[in-house]
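Remarks on the overall topology
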Amino acid sequence: MKVEELEMYGKALEMPKEAMKKHAKIIFSLLRKEFGIFGLPSIIIRMKKHSKRIAKQYPEALKKAKSISYVFEKELKKMVTIFYSIYDKKGRNFANEFMISMARNVATVSMPAIYQINDLVKCEGDVFDNYKKMNRALFTTTNRMGTWKHDGFHETEDLLEFKVTTCANIDLFEAFDCPDLNVFGCEHDLGGYPLIEEATNSEFRRHCTLAKGGDCCHFKFYRKGTAPDTKESNK
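All figures in this text were calculated on a predicted structure; none of them were measured in a lab.

Things to note about the overall build of the chain
Along its length, the chain carries eight helices and five strands. Across the chain, helices and strands are ordered from the amino to the carboxyl terminus as α-α-α-α-α-α-β-β-β-α-α-β-β. Against the 2.2 N^0.38 benchmark of 18 Å for 235 residues, the chain shows a C-alpha radius of gyration of 18 Å, consistent with a compact globule. Expressed along its principal axes, the backbone C-alpha trace of the chain runs to roughly 50 × 35 × 35 Å. Expressed as a percentage of the 235 residues in the chain, the buried residues total 48%. Long-range contacts, defined here as pairs at least 24 residues apart, represent 64% of the contacts in the chain between residues at least 6 apart. Surface summary for the chain: the accessible area is close to 11,800 Å², and the carbon and sulfur share equals 52%. Charged side chains in the chain number 39 positive and 32 negative. The centres of these two groups are separated by 9 Å.

Structure below.
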C-alpha cells in the first residue's frame, strides 16, 4: 500500500470514531480521578449549564467553528465547557493545569490516529519520507480550509519545515472569551509527537508558537539523528 492510499491521508485532523470514544474515556477518567465518583455529578451538571450558556452567548463563534467541521465545533465546545466547570470548582490556575494535563493525555490516542501510525509504518518506501508526505497532506488541507495557514513547505531529505501563521484555535477560544485554552493544541502536540517519533523515524522540534507569544508556530520534522539537541525548548 502507498501512503497516499491511507484513509487519513489529507484529512484535516478529524479522528476516527474509535479514537473519539477513547478520548471520552480518558477525559472521564481524569475527571473521576480528580473529583471522585461522588464529585462527578456536580461537574456534569456544571458542564450542561455551561454548554447551554455557550450556545446562547456565543452563537457566532459556534457557527464559525462548525463552518470548519461539525467535529471541530463539538470538540471546541467540549473543551470550553470542561474548563469553565473546573474553574467554578477550583479556580483558574487549577483549571489551566488540568486542561494542559488533559491535552497531553488525549494526545496519546489522537496523534497515532491522526497519522494512522499502525498502517503508515507498513506502507511502501521509507517511513520518514512517508511521514513527511502525511504532514504535507495534512497541513495543505488545513491551510486550504483556513484552520492553520502556513507560509509554504521547506523540504530536504532529512527535514520538513513550515511556519503556521494563523491559528483557528486561538481565534475561536478568544471568541468564547476563553484565551486560557489557546495553548491546548500546543500542549497536545507536545504530548503526542514524541510518542510517534520512534515509529516514524523522526524528531519533532518547534521552538515558538503563536499561542505562547511567538510570531508563528515553527514546525520542524527531522529524520531521526539529524535534529539539533534542543528538544527541551519545544513549545
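Considerations on unusual backbone geometry
What you tend to see is this: most non-glycine residues have negative phi, and most peptide bonds are trans. One non-glycine residue, Q116, adopts positive backbone phi at about 50 degrees. Considering the arrangement of structural elements, one finds Q116 in the loop between α4 (92-114) and α5 (117-120). Phi is positive for N201, close to 55 degrees, though the residue is something other than glycine. With respect to the element layout, N201 can be found in the loop between α8 (184-200) and β4 (202-205).

Side note on empty space enclosed by the protein
Applying the stated criterion to the full structure yields one cavity of 30 Å³ or more. Computed from the structure, the largest cavity encloses a volume of approximately 760 Å³. Lining the largest cavity are 39 residues, and of these L13, W148, N169, G185 and H188 sit closest to its centre. The set of elements that each furnish at least two residues to the lining of the largest cavity consists of α1 (17-57), α3 (70-90), α4, α6 (127-145), β3 (159-167), α7 (168-175), α8 and β5 (217-223). Take the lining of the largest cavity: its biggest share by element is six residues, from α8.

Conventions adopted
- Residues numbered from 1 in each chain as written.
- Predicted model: local features only at pLDDT ≥ 70, side-chain atom pairs only at ≥ 80, totals over all residues.
- Heavy atoms only, no water.
- Helix = DSSP H or I, 4+ residues; strand = E, 2+ residues; numbered from the N terminus.
- Rg over C-alpha atoms; globule rule 2.2 N^0.38 Å.
- Buried < 20%, exposed > 50% of the residue type's maximum accessible area, 1.4 Å probe, protein only.
- Contact = heavy atoms within 4.5 Å.
- Areas by Shrake-Rupley, 256 points an atom, 1.4 Å probe, with all protein chains shown as cover.
- Lys, Arg positive; Asp, Glu negative; His and termini not counted.
- Charge placed at Lys NZ, Arg CZ, Asp CG, Glu CD.
- 1 Å grid on protein atoms, 1.4 Å probe; cavity = no way out; pocket = protein on both sides within 12 Å on 5 of 7 lines; lining within 4 Å.
- Points joined across faces, edges and corners; volume = space filled by probe spheres on them.

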